[in-house]
There are 2 protein chains.
Amino acid sequence: MSVRIVDVREVTKPISSPIRNAYIDFSKMTTSLVAVVTDTLRDGKRVIGYGFNSNGRYGQGGLIRERFAPRLREADPNKLLNEAGDNLDPDKIWSTLMANEKPGGHGERSVAVGTIDMAVWDAVAKIAGKPLFQLLAERHKRNANPRVFVYAAGGYYYPGKDLSMLRGEMRGYLDRGYNVVKMKIGGAPIAEDRARIEAVLNEIGSKAQLAVDANGRFDLETAIAYARMLRDYPLFWYEEAGDPLDFALQAALAEFYPGPMATGENLFSHQDAR
Amino acid sequence: MSVRIVDVREVTKPISSPIRNAYIDFSKMTTSLVAVVTDTLRDGKRVIGYGFNSNGRYGQGGLIRERFAPRLREADPNKLLNEAGDNLDPDKIWSTLMANEKPGGHGERSVAVGTIDMAVWDAVAKIAGKPLFQLLAERHKRNANPRVFVYAAGGYYYPGKDLSMLRGEMRGYLDRGYNVVKMKIGGAPIAEDRARIEAVLNEIGSKAQLAVDANGRFDLETAIAYARMLRDYPLFWYEEAGDPLDFALQAALAEFYPGPMATGENLFSHQDAR
């Protein structure tokens, strides 16, 4: 059995909502939906892998349709296969997508390629006839753990949202079984954010833990001011205080915040993440 | 007099050629051509600003047409004007283009916005009725210097190109008056690159100086091996030895190469360039 990619399709769809975090509002946000169509049948149905990109980054339609999908369509199909020749090889496909790309300038391109990559892995798992988490564990000679950590990321700002609505939102997450919830900070004055945090902590009590996310908004002075406020509370983590590429800010902040800090969501290359 | 942007147009055009450097070949390369159309007349003709992006990065058609041009078209025109209201304000336009963009992930997006930015500055200079270099000098309270340093960037690899053809190419640059020429390295074994460099140095003699460009290809070990070879010659500079984001490589390389080194062409944010 050989496997061929017969088409790569992309549509850009609006995912608008009135929410905002400290940096952006989502009212014009779009996302890419990608389908990697294969010639392979499983249970009588054609295998199609699906991918989408995260909200917060816009749809990558042009890059996918004009640059990356043609590279897959034009590639020698035999060079996209694993050694056994019975499934696609995601690493070879990634290399094909990134052929003739200059080093540096990772960003939109990584999102476009990553969205196709997600669809490819989905197809590979479907062709292999097993869940992707299990397939990945086997490739890396680990035991697959079907349990994963999840948390509810919410607490956005939106027009007319007051403390009781914020508390109600968090109560809703608890009702659905979450035991870690996250809220946005940095989109309001610090005193108001403190009141928002206290309201949520009062609401969730001992039933859940609270993480906060500034979405890269703060300069060092503001990040430290927030650190001094936040360390009064038993938070799960303090996320993305400053610009994702401001490694010096992140390092300096550790002097002022003893608890866990999170960052890295907006780094797009292994060079940046070293 | 007020100024309005009435349209932003983009076309993606192939700029294919058989040349290659150490990293990419240019046979499928594209570029974006952008026109910022205003409602302003000068000498009886409508003012249109033009921009294009560098070769080496592909056309950014999708991003420009789907994401950035609509932001300009939908913006309040009065918020794109300078204080006097008699010309466009490139900084306000840039902020409008970058509204709701997440920090981090600079790359294609910077190229897309930069191409529009170039067209905007072209329109601004045309509306002001003076050359852009002079307009920029006046804004920064400097004396405009009409003389600029230029060099001929060539010496690419391509099929069938031998040393005599490389020498002939460099001779052509000298004939056109260049006194600094640049050639690609890193796309051939080091001994072959040494022979190419010696051939060019013999050709240009004392009439010009030679710079070399590895286009980010080398790991530290190779970058050092080349440094040890290159320091035998009086080069104008040694450009982009390693990955543009590998600042540690660049710093370590300084221990092995005493001459001038160049890099930064593939950094896309002030955070990366600090």
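Residues numbered from 1 in each chain as written. Chains lettered and ligands numbered in written order. Predicted model: local features only at pLDDT ≥ 70, side-chain atom pairs only at ≥ 80, totals over all residues. Heavy atoms only, no water.

**Considerations on the interface of chain B and chain A**
Consideration 1: The partner chain A presents 43 residues to the 43 residues of chain B that form the contact.
Consideration 2: Buried surface at the junction of chain B and chain A, both sides included, amounts to about 3,400 Å², of which 45% is carbon and sulfur.
Consideration 3: Area buried by chain B at its contact with chain A is led by N100, K102 and P103 of chain B, which between them contribute 21% of it.
Consideration 4: Viewed at the interface, chain A and chain B are joined by ten salt bridges.
Consideration 5: Residues R274 of chain A and D246 of chain B are paired through a salt bridge, measuring 3.5 Å at the closest nitrogen-oxygen approach.
Consideration 6: Put simply, chain B and chain A have 20 residue pairs in polar contact (both at pLDDT 80 or more) between them.
Consideration 7: Elements supplying a minimum of two residues to the side of chain B that touches chain A: helix 1 (61-74), helix 3 (108-128) and helix 9 (270-273) of chain B.
Consideration 8: Tallying contributions element by element places helix 1 of chain B first for the side of chain B that touches chain A, with eight residues. (Contact = heavy atoms within 4.5 Å. Buried area = accessible area lost by both parts, 1.4 Å probe. Salt bridge = Lys/Arg side-chain N within 4 Å of Asp/Glu carboxyl O. Polar contact = N/O pair within 3.5 Å; in protein donor to acceptor, adjacent residues only side chain to side chain. Helix = DSSP H or I, 4+ residues; strand = E, 2+ residues; numbered from the N terminus.)

**Thoughts on the nonpolar core**
Consideration 1: The biggest cluster of nonpolar side chains holds 56 residues, and the ones touching the most others in it are I116 of chain A together with I116 of chain B.
Consideration 2: With sequence-adjacent residues up to four places away left out, I116 of chain B is seen in contact with V34, V36, I64, F68, L72 and L97 of chain B. (Core = buried A, V, L, I, M, F, W, Y, C linked by side-chain atoms within 4.5 Å. Buried < 20%, exposed > 50% of the residue type's maximum accessible area, 1.4 Å probe, protein only.)

**Considerations on the relation of the copies chain B and chain A**
Consideration 1: You can overlay chain B on chain A at an RMSD of 0.0 Å; the transform is a turn of 180 degrees with a shift of 0.0 Å along its axis. Here the copies are linked by what is in effect a two-fold axis. Across chain B, the smallest distance between a C-alpha and the rotation axis is recorded for G62 of chain B, namely 1.8 Å.
Consideration 2: A high fraction, 100%, of the interface residues of chain B reappear at the interface in chain A, so the copies pair face to face through one surface. (Least-squares fit on C-alpha atoms with pLDDT ≥ 70 in both.)

**Here we look at the side chain of E169 of chain B**
Consideration 1: Within the secondary structure, E169 of chain B is located in helix 5 (residues 163-175).
Consideration 2: The contact partners of E169 of chain B, leaving out residues within four places of it in the chain, are G154, G155, Y156 and K161 of chain B.

**Focus on the domain arrangement of chain A**
Residues and elements named next belong to chain A.
Consideration 1: In terms of domain boundaries, chain A breaks down into domain 1 (5-139) and domain 2 (152-273).
Consideration 2: For domain 1 and domain 2, the distance between their C-alpha centres works out to 31 Å.
Consideration 3: With twelve residues of domain 1 at the interface, the matching set in domain 2 holds 16 residues.
Consideration 4: For the pairing of domain 1 and domain 2, the buried interface totals around 1,200 Å² over both sides, and the portion due to carbon and sulfur atoms is 60%.
Consideration 5: It is R20, A22 and Y23 in domain 1 that bury the most area against domain 2; as a group they hold 43% of the surface buried on that side.
Consideration 6: Between the two partners, domain 1 and domain 2, sit zero salt bridges.
Consideration 7: If you look at where domain 1 meets domain 2, you find two residue pairs in polar contact (both at pLDDT 80 or more).
Consideration 8: Looking at the side of domain 1 that touches domain 2 residue by residue, the classes come out as six nonpolar, four polar and two charged. (Domains from an automatic or database assignment. Nonpolar A, V, L, I, M, F, W, Y, C, P; charged D, E, K, R; others polar.)

**Let's talk about the packing of aromatic side chains**
The geometry of an aromatic ring pair comes down to the distance between the two centres and the angle between the two planes.
Consideration 1: For the coordinates displayed, the defined rule picks out 14 aromatic pairs over all chains.
Consideration 2: Aromatic pair Y173 of chain B and Y178 of chain B: ring centres 6.2 Å apart, planes at 85 degrees, arrangement edge-to-face.
Consideration 3: Between F236 of chain B and W237 of chain B, the ring centres sit 5.5 Å apart and the planes meet at 45 degrees, which makes this aromatic pair tilted.
Consideration 4: We classify F236 of chain B as partly exposed; its relative accessible area is 23%.
Consideration 5: Exposure remark for W237 of chain B: the relative accessible area of 17% places this residue in the buried category.
Consideration 6: An aromatic cluster is defined as three or more aromatic residues linked by ring pairs; in this entry it consists of F149, Y151, F236 and W237 of chain A.
Consideration 7: When the ring centre of Y58 of chain B is taken as reference, the NZ or CZ atom of R71 of chain A above it lies at 5.0 Å. (Phe/Tyr/Trp six-rings, centres within 6.5 Å; stacked < 30°, edge-to-face > 60°. Lys NZ or Arg CZ within 6 Å of the ring centre and 35° of its normal.)

**Some remarks on the side chain of R196 of chain B**
Residue and element names in this part refer to chain B.
Consideration 1: When you line up the elements, R196 lands in helix 6 (residues 190-204).
Consideration 2: Side-chain polar atoms of R196 contact the side chain of D193, separated by 2.8 Å.
Consideration 3: The contacts of R196, once residues within four sequence positions are left out, are G155, Y156, Y157, L163, L166, M183, K184 and I185.

**Focus on the sheet that holds strand 2 (residues 30-42) of chain A**
All names here are of chain A.
Consideration 1: On the basis of which strands lie adjacent, the open sheet formed by three strands has the order 1-2-3 and antiparallel pairing. Among the strands making up the open sheet, the edge pair consists of strand 1 (5-14) and strand 3 (45-52). Within this sheet the neighbouring strands show an average axis-to-axis angle of 25 degrees, counted without direction.
Consideration 2: Bridge count for strand 2 against strand 3 is seven bridges, and the pairing is antiparallel. Within strand 3, the position partnered with V34 by the bridge is G51. (Pairing = 2+ DSSP bridges. Axes fitted to C-alpha atoms, helices over the stretch in contact; angles between N-to-C directions.)

**A few points about helix 5 of chain B**
Residue and element names in this part refer to chain B.
Consideration 1: The end-to-end C-alpha distance of helix 5, which contains 13 residues, comes to 18 Å, matching closely the 18 Å that a straight helix rising 1.5 Å per residue would cover.
Consideration 2: Here the buried face of helix 5 lies against strand 4 (152-153), strand 5 (180-184) and helix 6.
Consideration 3: Once helix 5 ends, the next one or two residues include G177, with phi positive near 100 degrees. (Expected span 1.5 Å × (residues − 1).)

**So, helix 7 (residues 220-230) of chain A**
Consideration 1: Along helix 7 of chain A, the positions that sit buried rather than exposed are A223, I224, Y226, A227, M229 and L230 of chain A.
Consideration 2: Next to the buried residues of helix 7 of chain A lie helix 6 (190-204), strand 6 (209-213), strand 7 (238-239) and helix 8 (247-253) of chain A.

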